[in-house]
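Summary of structural features
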Amino acid sequence: MAVDVLIAEDEPSILRSLDFILRRAGWSIEAVTDGDAALSAVRRSMPRVLVLDVMLPKRSGFDVLKQIRADAALRQLPVLILTAKGQAQDRRNAEELGADRFITKPYANAEVVGAVRELMGLAPAVE
Amino acid sequence: MLTPDVVIAVAIGYVGLLFLIAYVSDRQARNDKAAFLRSPFIYTLAISVYCTSWTFYGAVGSAARNGLEYLAIYLGPTLVFIGWWFVLRRLVRISHKQRITSIADLLSARFGKSSRLAVLITVIAVIGIAPYIALQLKAVTSSLQAIAGVGEFPGRTLRGIDEVGLALAVAAGMALFTILFGTRNVDAKEQHHGVVAAIAFEAVVKLAALLAIGIFVIYAGGGLEAIFSRAEAAGIDIYSTGNFDDRWVAMNVLSAAAILCLPRQFQITVVENSNENHLRTAGWAFPAYLLLMSLFTLPIALFGLTSMPAGANPDMFVLTLPLSAGQEGLALFSFIGGFSSATSMIIVESIALSIMVSNHIVMPIMLRVTQGHGVASARGVSRLLLNSRRFSIALILLLGFLYFYLTRDSDALAPIGLISFCGVAQFLPAIIAALFWREASLKAATSAVAVGFVVWAWSSFMPSFQSSSPLVAQIMAEGPWGLAWLRPEALFGVESIDPLVNVVFWSLFLNTVTLVVVSLFTSQSVLERVQAALFADLFRRPGAGAPAVIRGSATVEDLYFVAERVLGAPRAKALFDGVAGAPPPQFIDRLERELAGSIGSASAHVMLSKVVSGDAVSLEEVFEMAGETRQVIEYSQELERTSAELRSTAQKLEEANTQLRAIDTEKDEFLSQVSHEVRTPMTSIRSFSEILLEEQRLTADERQRFVKTIHQESLRLTKLLDDILGMSALDHGEHGWDNAPIEAEHSIDRAIEVCSALARQRRMQLTVGSRAPSAVISGEPDRLCQVLINLVSNAIKYNDAVEPMVEVRSRTGRGRYLIEVADNGPGIPKAERKLIFEKFARGQSGGVTAPAGAGLGLAISRQLIERMNGKLELLPGTGPGACFRITLPLL
Amino acid sequence: MERRKLESAALFLSLLGVLLILPPLAVVFQLERRLFGVPFEVIYLFVCWLGLIAAAFWLGRRLPREAEAEPPAEGED
């Protein structure tokens, strides 16, 4: 079955918080904790948006993104990169690899929700 | 009563005394007892041979006629000696190294051992010095006449002998005297200890005599001020003419050149020098001597001019002033002073010239004429040498007398001396170029000296004959063939300046220009280049000897002789097998290549070209050349060593720089890592805080869970900060605990307990291997436990094996306690083995595969263990996995 | 003073000596004045002379000696 948002995040507490706020926003959620799992989950579940951490075990977020952009079936998948490494170089890397949005941890919940909504082609919710 | 007979008797007695001094000194020098003779002051006094009768008599005459001008003759040499470090020291050094025996030898050596240049220099020197010798003859003759009263004091006679006859007698006497004095033996180094001692003695005599006259004049004239004011009152104003004009400059230049170029000065200052350091005394002492010599010149001249009858010869004031005052003893002393200035000059000058004449002219001619017959024995050579010296001395004095005879009508002494100065000054450009300019070539030096000589002979030497030759007088007046611009004293139509300035300028100018221009447009021979390098690099390559000149004819025997010495008998024999008669060019070519392999290509070429062009070779010459080559080789090896050292230093610097850059990069990565570590818990805290603040529809359970997460993450953040601070504290030596005896095994137990939960979570095995029953060490239990937890949890976290496994084991032995943590994970890449313990290091590849938190652990752990006097290391393993070992000393 | 400075001092002393006794500097002291009856320029020349001798004496004792006069094999100059 298709999910709205796939979250790839290895840090349990952050995963819990993302899961909570995105569910609250009304989307169905699937969560994985490493890069390989993320790639197979994307192929299997065909999420509408991928929220992707960079520092993932087994396969880095950037690598996952590269694979997705190289796959004709997945190329259109909107990807939101989340990272605790906020350096300009990381942002450039993400843009070059084809990330749609780039958010630095720690984030404001509304920022993440807004970005996901935007990526789904919905107008930002007016609070 | 002071009669000529008495004076001559005293003079002969004085000469006898000189002989005695020379004889005793020579004997002592031979027995090595004459340390006194080798003192720098004897050397300085000998250099004072510069002060001849020109100084003794002529300076007063010069001052009376031309005012201060006489001082220029002493200021030029003063400046040269003050600057001894730059020119004289070089001259002495190079001459010692190359065993230079004269100024002709020096220039010939520098310009490729050219015998033609040596002959040219010798001829010019002999002609140029003739006026100077004549000056001495004239001075001695005049002084004898003055004593006899011929001219000034009618009534006294000199047995009817006229001036010319007297001069001839003086010349003959001087020649005999010098021959007896200077050619008793021949020394290879051309050093004459006896002569130097006698010359030094004469220097004292002439100075004492002149000072005595000076003091007498001051006393007789009623003091310095009285003499000067009386002269002023009498209208004798010898300063009114422009003293510091172009003539003053020209005379300073001439005298500075003369102190370097006069053969007798070169002989004493350079050839007779036994120790280079004597120059540092002579550098001030000789100028001081000159100052003393000229101190009373002006008062004597002025007193003479005011107190002597008009028309009295001022050149003889030194003698006539005490005579007219009835001071006969003083007059005799004065005569002896003047006599000693003249004799010392003639002795040294004719010895120096005779060395040049016999070495560069007579000997080569004799050898050629006799085809080497009669000089087979060493005795024959030495007799030939002595005879040619004697002949040369006689010739030089004869030339001096001839010049005196032809120019006897000119009266002043100083202008004659200046003619000689200007003549020898033509060597100056070549000497300076020899010492400082590597590119100066033989052709240039030869033509420059020749050009200078021609200009001098035309404009300075020839005019002195105008009174005796109508032809010369006519040329002086109208120029040759009516060419007015070639008139000797107005060269190129320049009439407005002094004739002396004229000749000094044109001769030295054309000389120098020729030297420079011809050097630029000619090339040097191989030997020239070698010699030029030796001269130019005098102070750069210590101990470099001269490459010897090899003489002989090119037979196979000659070549074999050379080859045998250089290559050794077996190789030479093999090389010469089957070669007989005249060696073919190809063979010489091959031989040169063989020799070049042993002694270098330049030396081999020089050596062979000399042998082939034809001269006999002596064993010493071959050895000397080989020795010189060895020095070149040693020198280049030295250079190589130095540059190798430089290379290794540069490499070390490069390494240090790389290390610094790596540390810098590591530091950046570390900070980025720390930032990541801090941001992760911060993210949860912020996110859950926002949820708690903004969500009203939370269950109590959810609320409870979120607050708990925030709390946990805060704790994690605190611990992280503690780690960073702890490491910083360790860095600065704030250890925060004292070591105490502890049971280390307990720490292992606790660490295993903590980590087994983590291992279970990851579904992996944490095995405990063999354990030491007990191990008491000096340390801190919590820190040791912390280190073990760090090692074990790293091993668990990074282990991606199919069946992950970590083993902890311990053992004791040889006073040490070992704990090992081994895993079967990916291991540590070789390149990172050293880096992982570095302070800011984190595995380079860790950014992708390793979870966060590994960056700080190992650096801190190592520091903690070191604090317990142990060490933490990664065992060098080849198999899969990594094994860390803690080694602690047992109590 | 170190070796190079001493050598420079020796060079400058010689150059100074040349300048002192040649025009135009020597002409500056060609005053119409006398000291103890002696014309001023004579006094000037002898004072320069003495000064040069004293300076050469001073330098002669300090310039490097024979043994140390040899610089090590290096690209000097």
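The model shown is predicted, which means the values in this text are computed figures rather than measured ones.

1. A short note on the overall build of chain B
Counting its regular elements, chain B contains 33 helices and seven strands. Sequence-distant contacts in chain B: of pairs separated by 6 or more residues, those separated by 24 or more amount to 80%.

2. Notes on the overall build of chain C
Of the regular secondary structure elements, chain C holds four helices and two strands. Each helix and strand of chain C, ordered N terminal to C terminal, gives the series α-α-β-β-α-α. For chain C, the residues scored as buried account for 21% of the 77 residues in total.

3. Structural notes on the environment of Arg101 of chain A
All names here are of chain A. Relative to the helices and strands, Arg101 resides in strand β5 (residues 101-104). The partly exposed category is assigned to Arg101, around which 19 C-beta atoms lie within 10 Å. Residues Arg101 and Leu82, 19 residues apart in the sequence, show an inter-C-alpha distance of 8.6 Å. Arg101 has contacts with Leu80, Ile81, Ala115 and Leu119, leaving out every residue within four places of it along the chain.

4. Thoughts on the interface of chain B and chain A
Listed per partner, the contact involves 17 residues of chain B and 18 residues of chain A. For the side of chain B that touches chain A, the element with the most residues is helix α28 (residues 619-694) of chain B, which contributes twelve residues. Grouping the constituent residues of the side of chain B that touches chain A by class yields six nonpolar, seven polar and four charged.

5. A word on the UniProt feature "transmembrane region" (unreviewed entry) in chain C
Taken from the UniProt record, the annotation "transmembrane region" (unreviewed entry) applies to residues 42-60 of chain C. As annotated, residues 42-60 of chain C has a helix share of 100% and a strand share of 0%, and its two end C-alpha atoms lie 27 Å apart.

6. Overview of helix α7 (residues 115-148) of chain B
All names here are of chain B. Over its 34 residues, α7 runs 48 Å from end to end, which matches the ideal 50 Å to within 8%, given 1.5 Å per residue. The largest bend in α7 amounts to roughly 35 degrees and is located at Ala130, with the proline Pro131 lying one to four residues further along. A large share of α7 lies buried, amounting to 29 of its 34 residues. After α7 finishes, the residue Gly149 shows a positive phi value of roughly 80 degrees.

7. Some details on the interface of chain C and chain B
Each partner contributes residues to the interface: chain C has 33 residues there, and chain B has 34 residues. Listed by contribution, the elements that provide at least two residues to the side of chain C that touches chain B are α1 (3-21), α2 (25-28), β2 (38-39) and α3 (40-62) of chain C. For the side of chain C that touches chain B, the element with the most residues is α3 of chain C, which contributes nine residues. The residue makeup of the side of chain C that touches chain B, split by class, is 22 nonpolar, five polar and six charged.

8. Quick word on the confidence of the model for chain C
All names here are of chain C. Per-residue confidence for chain C gives a mean pLDDT of 80; residues scoring 70 or more make up 83%. Helix α4 (residues 66-69) is the least confidently modelled element of chain C, averaging 49 in pLDDT, while α3 averages 91, the highest of any element. Note on residues 68-77: pLDDT is under 50 here. Beyond four places in sequence and across chains, it has eight contacts. The complex model carries a pTM of 0.59, and its ipTM stands at 0.88.

9. Looking at unusual backbone geometry
All names here are of chain A. Omega for the bond connecting Lys105 with Pro106 falls within 30 degrees of zero, at -10 degrees, which places this linkage in the cis form. At Met46, a residue that is not glycine, the phi angle is positive and equals roughly 45 degrees. Turning to its location among the elements, Met46 is positioned in the loop between α2 (35-45) and β3 (49-53).

10. A word on the sheet that holds strand β2 (residues 765-768) of chain B
Residue and element names in this part refer to chain B. Across the sheet, five strands lie side by side as β2-β4-β5-β7-β6; this open sheet has mixed pairing. Each end of this open sheet is capped by a strand with a single partner; those strands are β2 and β6 (871-874). Direction aside, neighbouring strands of the sheet carry axes that sit 15 degrees apart on average. As paired elements, β2 and strand β4 (residues 805-813) share four bridges and run parallel to each other. Across the sheet, Leu766 pairs through a bridge with Val806, a residue of β4. Against the sheet, helix α30 (residues 744-761) touches β2, β4, β5 (816-823) and β7 (883-889), its axis set at about 165 degrees to β2.

11. Here's the deal with the nonpolar core
Residues and elements named next belong to chain B. Ranked by size, the top nonpolar core spans 200 residues in total, and within it Ala46, Leu107, Ile121, Leu254, Cys261 and Ala445 carry the most contacts. For this core, the leading source of residues is α7, giving 20 residues. When residues are assigned to domains, this core turns out to be shared by domain 1 (4-428) and domain 2 (440-523), each giving three or more. Residues within four places of Ile121 in sequence aside, it is in contact with Ile103, Ala104, Leu107, Phe427 and Val449.

12. Some words on the pairing of strand β1 (residues 5-8) of chain A
Residues and elements named next belong to chain A. The two faces of β1 match: Val5 and Ile7 on one face and Leu6 and Ala8 on the other face are all buried. Pairing between β1 and strand β2 (residues 29-32): four bridges, direction parallel. In the sheet register, Ala8 faces β2, and the bridge partner there is Val32. Note that the unit made of β1, helix α1 (residues 12-24) and β2 has a crossover that is right-handed. Pairing geometry for β1 and β3, over four bridges, is parallel. Each bridged residue has a counterpart across the sheet, and for Ala8 the counterpart in β3 is Leu52.

13. Digging into the sheet that holds strand β4 (residues 79-83) of chain A
Residue and element names in this part refer to chain A. With parallel pairing, the five strands of this open sheet are ordered in space as β2-β1-β3-β4-β5. A single partner strand is all that each edge strand has here, and the edge strands are β2 and β5. Shown here is a sheet whose adjacent strand axes are inclined to one another by a mean of 15 degrees, direction ignored. In the packing of α1 onto the sheet, the strands contacted are β1, β2 and β3, and the crossing angle to β2 comes to about 170 degrees. Contacting β1, β2 and β3, α2 crosses the sheet at an angle of about 150 degrees to β2.

14. Looking at the environment of Leu106 of chain B
Residue and element names in this part refer to chain B. Secondary-structure assignment places Leu106 in helix α6 (residues 103-110). With 26 C-beta atoms packed within 10 Å, Leu106 lands in the buried category. Spatially, the C-alpha atom of Leu106 lies 8.7 Å from that of Ile94, the residues being twelve residues apart in sequence. Apart from the residues lying within four places of it in its own chain, the contact partners of Leu106 are Ser95, Ile100 and Ala434.

15. Brief notes about the confidence of the model for chain B
All names here are of chain B. Averaged over all residues, the pLDDT of chain B equals 81, while 82% of them reach at least 70. Counting interchain partners and residues more than four positions distant, the pLDDT-below-50 stretch residues 151-157 has ten contacts. Across residues 840-854 the pLDDT falls below 50, and counting only partners more than four positions away or on other chains, this stretch makes 29 contacts in the model.

16. Quick look at helix α10 (residues 224-233) of chain B
Within α10 of chain B the residues assigned to the buried category are Ile227, Phe228 and Ala231 of chain B. Angular distribution of buried residues about the axis of α10 of chain B spans 90 degrees; they occupy a single face of the element. Close packing links the buried residues of α10 of chain B with α14 (297-307) of chain B together with β2 of chain C.

17. Focus on the packing of helix α18 (residues 414-424) of chain B against helix α20 (residues 442-461) of chain B
Residues and elements named next belong to chain B. Look at α18 against α20: their axes get within 10 Å of each other, and the N-to-C directions meet at 170 degrees. Classified by the interaxial angle, the pair formed by α18 and α20 is roughly antiparallel. Residues Ile419, Cys422 and Gly423 of α18 form the contact with α20, whose participating residues are Trp456, Ser460 and Phe461. A class-by-class count of the residues in the contact of α18 with α20 yields four nonpolar, two polar and no charged.

18. Re the environment of Lys443 of chain B
Residues and elements named next belong to chain B. For Lys443, the position within the fold is in helix α20. The exposure class assigned to Lys443 is buried, which follows from the 20 C-beta atoms found within 10 Å. Separated by 80 residues in the primary sequence, Lys443 and Ser523 place their C-alpha atoms 8.6 Å from one another. Apart from residues no more than four positions distant in its own chain, Lys443 is found in contact with Val518 and Thr522.

About the cut-offs
- Residues numbered from 1 in each chain as written.
- Chains lettered and ligands numbered in written order.
- Predicted model: local features only at pLDDT ≥ 70, side-chain atom pairs only at ≥ 80, totals over all residues.
- Helix = DSSP H or I, 4+ residues; strand = E, 2+ residues; numbered from the N terminus.
- Contact = placed C-beta atoms within 7 Å.
- Buried ≥ 20, exposed ≤ 12 C-beta atoms within 10 Å, placed from the backbone.
- Nonpolar A, V, L, I, M, F, W, Y, C, P; charged D, E, K, R; others polar.
- UniProt positions renumbered as here; feature names shortened; annotations may be inferred.
- Expected span 1.5 Å × (residues − 1).
- Bend = angle between axes of the 7 residues up to and from the residue.
- pLDDT = per-residue confidence, 0-100.
- Pairing = 2+ DSSP bridges.
- Axes fitted to C-alpha atoms, helices over the stretch in contact; angles between N-to-C directions.
- Core = buried A, V, L, I, M, F, W, Y, C linked by C-beta atoms within 7 Å.
- Domains from an automatic or database assignment.
- Right-handed = clockwise from strand over helix to strand, strands pointing away.
- Arc of directions from axis to C-beta.
- Parallel < 35°, antiparallel > 145°, perpendicular 65-115°, else oblique.

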